Each structure stands twice: as C-alpha cells, then as structure tokens.
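# Report on the structure
This is what each chain is made of:
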Amino acid sequence: MALLLETEQHRFTLLAVREGTRAHDDLTRLTVTINEVSGGIELVDQAQVSATVVALPERSTVSGAGHTGRRADRERGGTAGAQDTTAAVNGPEADHAQAAQDDAGHAEPSRTGSTGTSSSDVGAPENRTEPAPAQSPPLPLFDQYDAVTLTRLGVIPSLLPSLRRVTDERRLEALLGHNLPQLTREVLRALHAGMDTADVRRHITEQWRAEGSVDPGDWARAARRPVSQVSTEDTAVLGALGDSFEAWRLFLHPEQRRLATTAFKGSAKVTGGPGTGKTVVALHRVRHLVDRLPPGRTRPVLLTTFNTNLAADLKHRLQLLGGEELLSRVHVVSIDRLARAVVAEHPTSDLGSPLDDKAALDLWHTVCMEEGIDGYDAEFLDSEFRHVILAQGCGTQDQYFRAERPGRGRLQRPERRQIWSLVQAYRHRLAGPPRRTTHALVADEAARLEQHHMARVAEQQRYKAEQGGRDLLHREAGSGMRLKPRYQHVVVDEAQDLSASHWRMLRAMVPEGPDDIFLVGDAHQRIYSHQVVLGRLGIRTPGRASRRLSLNYRTTHQILGSARGLVDGESFDDLDEGPDTLDGYRSVLTGLAPQFWRAPDWATEKRALATLIQERHDRYGTPYSAMAVCVPDGASATQLAATLGSDPFRIPAVEIGNDGPGKGEGVRIGTMYRFKGLEFQRVFLASVSEGQVPHQRIEGFRDTDPQRYQREHRRARSLLFVAATRARDELVVSWNGRASRFLPESAVRAAYSASALVSGERPPSDSHAA
Ligand SMILES: Nc1ncnc2c1ncn2[C@@H]1O[C@H](COP(=O)(O)OP(=O)(O)OP(=O)(O)O)[C@@H](O)[C@H]1O
C-alpha cells in the first residue's frame, strides 16, 4: 500500500510504501510536513519514534522544580513541554527494546553493538524496580534548546515531543536509527557532539537552506525540490522499478548537489575529509557538464585522478551513473597516463620507459657515487628534483639558486651548486643508453608541450580576431589541423597528490573560462606529493569557488573520532595558500567503537588477526572480500597472507596490487599506500607499532633535518589516517611490541591481549563485531 501526495492535478509523488496487513495503519500514522529550512517534504512515523522513547518518565515528572545545570544554559525559555502531547503514543510495533532496557540506567561501560533483547522488555517502566526516591530523573539531552531554536536549525517540529524524552546517548542513537529526515539527524548529532548553535547553523542549516522562501503549504513546489527526491539502492525497490543502473544514484546532500550543478565563473575547488562524497560530487559534476554539451562524438570532458586503479574505479562508477552515453563524452584516465600520452603523440618525442620509484632512488645513489658527492640521500635528492626544480621549472643553475624552498630548510649556494651538478648527471644518465625516464620528467615534458600548444591556440585566436575571422588553416599547414584546446572541462579527483607539473599540464589543456577546472581533494590525505599552491599555477578559486564538505557518509562516528585523533595537532593546507581543518567534520552513521589489540610479537599478532577475521566471517557472515588488512610494508603483507592461508585458518587472501583490490573471495591485504580511495566493511590496521609507524628511519632526520623530519612525520600520520578512514563498519587496530606514538594512551590502555586470544583464553569479540 502506498501513500501518494497529489501535488498538481494528476501528478503524484510517492511518499511511502508499506506492506502487510497493517500497511494502512502504518501509513496513516505518518506525519507529512514541509521543512521550513530545506523546503523538502519530510515524513516521520510518530508511533515508531515514540515507541523508541516510550520507557522514559513523563516530562511532567522531569520538569519539576529544582533542576539546575544545563537548564540554566537555555538559550530561551522552553516551550516544548507544552507541546508534549503525542509522545505517549505507544503501539505493538515498539521494537526498540534496547532503548527501553537502557532506561534502567545501566549503560554498558564502553563498547556497544549488542542488540537482540527480547521485546518483552518494552514497557520497562512498569516492570522496573523503583528508582531511589531521592534521585531526580535525568534531564532531556536537548533540554537547553527550545522548540523555536531547534526548528529554525531544521529539526522536524513533529519530532520535538519525542525528543524531549531522550535523556541518554543510547536512546538518542535508537531515535536516530529511525528513518528520520537527514537534516534533523545531522542537527541533533552535531548539537549532541557539542557544536554550538551558531556553528550548526553555519555548517549544516545554511547548507540545506532552500533557495527562495519556503511556503509550508506549497506541496507542488516542495515536491519539485531536489531534497524531496530520493533514490534507492534497495534491490526490492529497484526490481519493482526495473531500472538497475539507477541503483547508484544516491540522494545527494543539498551542498553536494549545489557543487555538482553550480555554474562557476572559472575553476572551483572542493575539499573535505575522507568519505564526505568528494568523488561522488566529482562524478555528478561530470554528468552535469556533459548534459550541457551540444550533441557530438568528441570527448571534451576530462576526468582524471592519481593512479590507474582509481581511474578504473571512476570509469566504472561513471558508467553506473550515466551509462555508455555519458562515458562516450568523457576521457577518464590517470594523470600519469595522460601525461605519457601527451608526450608520446608528439612527433619528436623519444620516451624511455619510466623507472619505478625504487629504481629512480637507486639511480640517485649511483650518481652520487659516480660524482663522488656524499651528504645527500637519494630520497632527499629525488624530492628536491621533483618538488623544487621541476615544480618551479628551474632550467638553469641560476634559476635554481633563486628557487624558493618553503618548509624545506636552508641550503647555501655551494650546496645548491653541488645538487645542481648531481641533477645534471642524473638527467644525463637517464638520457641513456638505454633511454629511460621518470613519471615526474614525463609530466614536466607534457606540461611544456601543452603550454606550447595552448600558446599557439591563443595566438591563432588573436590572429583570427584581428583578421576578422578568416580561417587560418594555411597557418597550420604543418599539422594540417585547426588548433583548439584539448578539453572544455577538466575534473580532478584526489587533487592533493598531483604535482606542480601535473597542474601546469592540466591548466594548459583547457582554456580559462567558466567551469574550466573542477577539483576535489583533501590535504589531510596527501601521501605522495608536496604541497602546491594552485593559485600560483593559474588555478584560482576565490570566495565561493572554494567549498568544503564536512559530512562523512562512509565511516561511523565512533571510527571517525579515533581517526581524527591521528591528524590532530598537525597543520594542513587547503591546496592553496590557506589552512584547512576538519572543523565540522562529522558522520551520519553510528556503530562499533574501534577495537585495539596488543601482541608481544608479530607471530602472535598475525595469528590474532587470523582469529578475528575468521570469527567475523564465520559468526557474522562478513564475506572475506569485504575485509582488508593494512600492513606497513610488502614483506608483512606476504607473511600475513601465509599465516591466513595456513592451518587451522585456511583463509583466502588477495594482495592489493597496483591495479586495485582485485577480484575473488579473499581478504584484501595491502600496504597503506594501496588503500587510497578504497573502502571496506571491516578494516584491520596491523603492526601499528613504534618503529613501524612512523618508520624508524625518519628518526635520523630529527636532528639533522628537522623540517624533513616534520614532513615525514606528517606523511606517516596521513597514511594512517587514510587507512583508518577506509573502514565502513568496523576498525580494528593491532600492534606488536610498543604501540605507535600516533595511538592515544586511552587506546593502549583499552587494548585486548592478543596472546590471550590466540591461546583461547578470551573470545574474539563477544557480540561486539556484530
Ligand atoms: N549523499 C550521499 N548519500 C549516501 N551515501 C553517500 C553520499 N555521498 C557519498 N556517499 C557514500 O560515501 C562513501 C564515500 O564517498 P566518496 O568516495 O565520494 O568520498 P570521498 O570524499 O571521495 O572520500 P575519500 O576522500 O576518502 O576518497 C561512498 O560509499 C559514497 O557512495
């Protein structure tokens, strides 16, 4: 049975569907209103919501005289009590026994997750033993906010009576577990987390605010607003609709939708913590740009990202979003492949094969030995070459003498002279034979070629304008082609890891103008490149063209709380000259607290991990392929795979390679670098031990090169942060020996003993992994 709203004549909006004999009753219980902030149509099932809080004392008993504390902080005098009329509704569908049980006041000490209490617990107030007479009932959690404040922030008014009965966190979780409107959920969670009302307004309410005024009686308009329209991944619904690729169309947050569809005067930049939907926005942006193209067969939109496996993922997701038709207008390629293609298509290009990172470092070693210059390590030289010399386009020694090296310490002129001579020798060596190159050099060359191309395009346009529009084919007789920019729009994911050369190339691939470059990224997740200042590379995103997403859709707020701690205290940029923070960063999801396990040695840790993984598979039905273990290095990956595969576990394992997480049934194992951009249901961070994370070799720089030490330290934190934020439902952290300095004291104290687990003295997780 469906509830339909006739918004215009013969035009209906489907509001809700219920099945079974009680469908009619279920539907008539729904409260349907237009939200005064978002202008969207919102539904709440009053009886279900009330049932969640049914076990709470009546408000009249709570509002007795003598309350102090937070009551004194009220922003305005409370009015909600007067409205508290519907909350007494109770019904047989009261299935939130857990909440009722909690009312007895014995919240579990730390970790949550157990459900399955029998429904006979509902109605606990009557059955409970009498509370101690002198004890005053707990204050409602949102007692300090009056009804006007809450509704102006966006909370659905019909929820307020029930909300006044929420006195503890687990009750709140039960309430938020309902299918409440998202704006309401976001506001309540943020207030509960301690965000003040001004910040909630700024970070949340304003993002949801409808354009123009909201008429609470204009259903036709409300139904047309994007916030009223949802799509689903529910297979039953999709089966009924018979339209499978719609599955991926999620309900975009209003801010995500705005970013995907706004017309920008020039470039635009979206930052935001992990899981905030930056990639989703980038994909929707691409679709929006393609929708606006005139019909054709060309691919004027470029969608690029850091590596080939992420590019393959983007392609797949784009296909889900808009099918072959959308894909046919978009060039999806990783940034280095793109650079290589640019260089390869040039008639005079003589590309050697690119060295991998290790071979590039080995070559620096060789060059230092041959030149008889020591005192510089290979990583330093490689970084100096890429992030100073190539980044600033230093073609001569003099230019290098003048190069800025922010955050890289001081280098005197004699040192720069030595480094320059090493760079010359390095380039000479690469020139061969055999001829070789590096990805950085290819990108640099591609940037130069594209800049040259764009200069010719500009020259041709200038000439055409001067000559009154005559065709200039004769001027391009050499190429036989009319010159034009390579793309009309460029969209970039994982922007934080692109180098200055990459940006120079991209800048030269698209003419400056409306919607030219749209980039998404997060400096907290930078693990490859160094900071670049986009404004100095011709990519300017002033004012409203720079936006930040802060609502995490991937990770539970319990996991996020721990992950945030990993990067606290470090400073990060906004991909430009400004700072970036994780202010307002929050999650809509709730779940298990992260688990911590300490082991005396790697062998015990490996066996403990195998035990935990097996338990999650056998007892909770998590497929092996939905779990991933992140290790600090390749050798650990191989060793762990061996333990998993051996008796008694026999757990299949697949190493995450260059080309992504791969296929098949096994648990995924990979180094931290390989986790970029991925997500898994359960993530195990292994060997988060002192000496491994950060690696002990950075200790050498502590005194000799403090700035490098700081850089490496920050990168190690970012790596761990990226890995931890890949977890959707559960994060398990383990170590052997001493715990990494990045883990908080509280985690170390709360850690379980892997030895006890391995010897069978303690169970893997009780019910906590459910
Ligand atoms: N509006 C939304 N509703 C539901 N799920 C969403 C929404 N936006 C994003 N997601 C989901 O959240 C997860 C993270 O999204 P996405 O990968 O786009 O984030 P991201 O910001 O690019 O993350 P990262 O920086 O960690 O790579 C994905 O599973 C995505 O489908």
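Keep in mind that what you see is a predicted model, and the values were worked out from it rather than measured.

Looking only at helices and strands, one finds 30 helices and 23 strands in the protein chain. Buried residues in the protein chain amount to 40% of all 770 residues. Look at the contacts in the protein chain between residues 6 or more apart in sequence, and 77% of them connect residues 24 or more apart.

Before going further, it helps to examine the domain arrangement of the protein chain. The domains assigned to the protein chain are domain 1 (29-226), domain 2 (254-345 + 442-586), domain 3 (356-437) and domain 4 (592-758). Measuring from the centre of the C-alpha atoms in domain 3 to the corresponding centre in domain 4 gives 34 Å.

Time to look at the pairing of strand β2 (residues 11-17). Summarising the sheet, strand β1 (residues 2-8) and β2 pair through six bridges and their orientation is antiparallel. Residue pairing across strands places Leu3 opposite Ala16, the latter belonging to β2. Where β1 folds back onto β2 in an antiparallel hairpin, the turn is made up of two residues, including His10, whose phi is positive at roughly 60°.

Relative to each other, helix α18 (residues 357-371) and helix α19 (residues 378-390) sit at 105°, their axes nearing to 9 Å. The pairing of α18 with α19 is recorded here as roughly perpendicular in orientation. Between α18 and α19, the residues in contact are Ala360, Leu361, Trp364 and His365 and Ala378, Glu379, Leu381 and Asp382, respectively.

Per the UniProt record, "binding site: ATP" (unreviewed entry) is annotated on Gly272, Gly273, Pro274, Gly275, Thr276, Gly277, Lys278 and Thr279. For Gly272, the position within the fold is in strand β5 (residues 268-272). Tracing the sequence through the fold places Thr276 in the loop between β5 and α15 (278-291). The class of Thr276 is buried, set by 27 C-beta atoms lying within 10 Å. Aside from chain neighbours lying at most four places away, what touches Thr276 is Leu549, Ser550, Leu551 and Asn552.

A word on unusual backbone geometry. The bulk of non-glycine residues show a negative phi, and the bulk of peptide bonds are trans. For the bond from Asp647 to Pro648, the omega torsion is 0°, close enough to zero to count as cis. Along the chain, Pro648 turns up in the loop between α26 (634-645) and β19 (653-655). Positive phi, close to 60°, is recorded for His10, a residue that is not glycine. Within the secondary structure layout, His10 lies in the loop between β1 and β2. Residues other than glycine seldom take positive phi values, yet Leu575 does so here, at roughly 70°. Summarising the element assignment, Leu575 is placed in the loop between β14 (572-573) and β15 (579-580).

In this structure, Val286, Val301, Leu303, Ala339, Val490, Val491 and Met505 are the most contacted members of the largest nonpolar core, which totals 73 residues. Looking at which element gives the most residues to this core, the answer is α15, with seven residues. When residues of this core are assigned to domains, at least three fall in each of domain 2 (254-345 + 442-586) and domain 3 (356-437). The contact partners of Val286, leaving out residues within four places of it in the chain, are Val301, Leu303, Leu318, Val330 and Val491.

Contact geometry of α18 with helix α21 (residues 413-431) gives a least axis separation of 10 Å together with a crossing angle of 120°. Viewed along their axes, α18 and α21 form a crossing whose handedness is right-handed. Between α18 and α21, the residues in contact are Leu363, Trp364, Val367, Cys368, Glu370 and Glu371 and Ser421, Leu422, Ala425, Tyr426 and Arg429, respectively.

This part is about the sheet that holds β5. Read from one edge to the other, the open sheet built from six strands follows the order β7-β6-β10-β11-β5-β12, with strand pairing classed as parallel. Looking along the sheet, the strands with just one partner apiece sit at the ends: β7 (330-334) and β12 (546-549). When strand polarity is set aside, the average angle formed by the axes of neighbouring strands in this sheet is 15°. Summarising the sheet, strand β6 (residues 301-305) and β7 pair through five bridges and their orientation is parallel.

The rules we used
Residues numbered from 1 in each chain as written. Predicted model: local features only at pLDDT ≥ 70, side-chain atom pairs only at ≥ 80, totals over all residues. Helix = DSSP H or I, 4+ residues; strand = E, 2+ residues; numbered from the N terminus. Buried ≥ 20, exposed ≤ 12 C-beta atoms within 10 Å, placed from the backbone. Contact = placed C-beta atoms within 7 Å. Domains from an automatic or database assignment. Pairing = 2+ DSSP bridges. Axes fitted to C-alpha atoms, helices over the stretch in contact; angles between N-to-C directions. Parallel < 35°, antiparallel > 145°, perpendicular 65-115°, else oblique. UniProt positions renumbered as here; feature names shortened; annotations may be inferred. Core = buried A, V, L, I, M, F, W, Y, C linked by C-beta atoms within 7 Å. Left-handed = near helix turned anticlockwise from the far one by under 90°.

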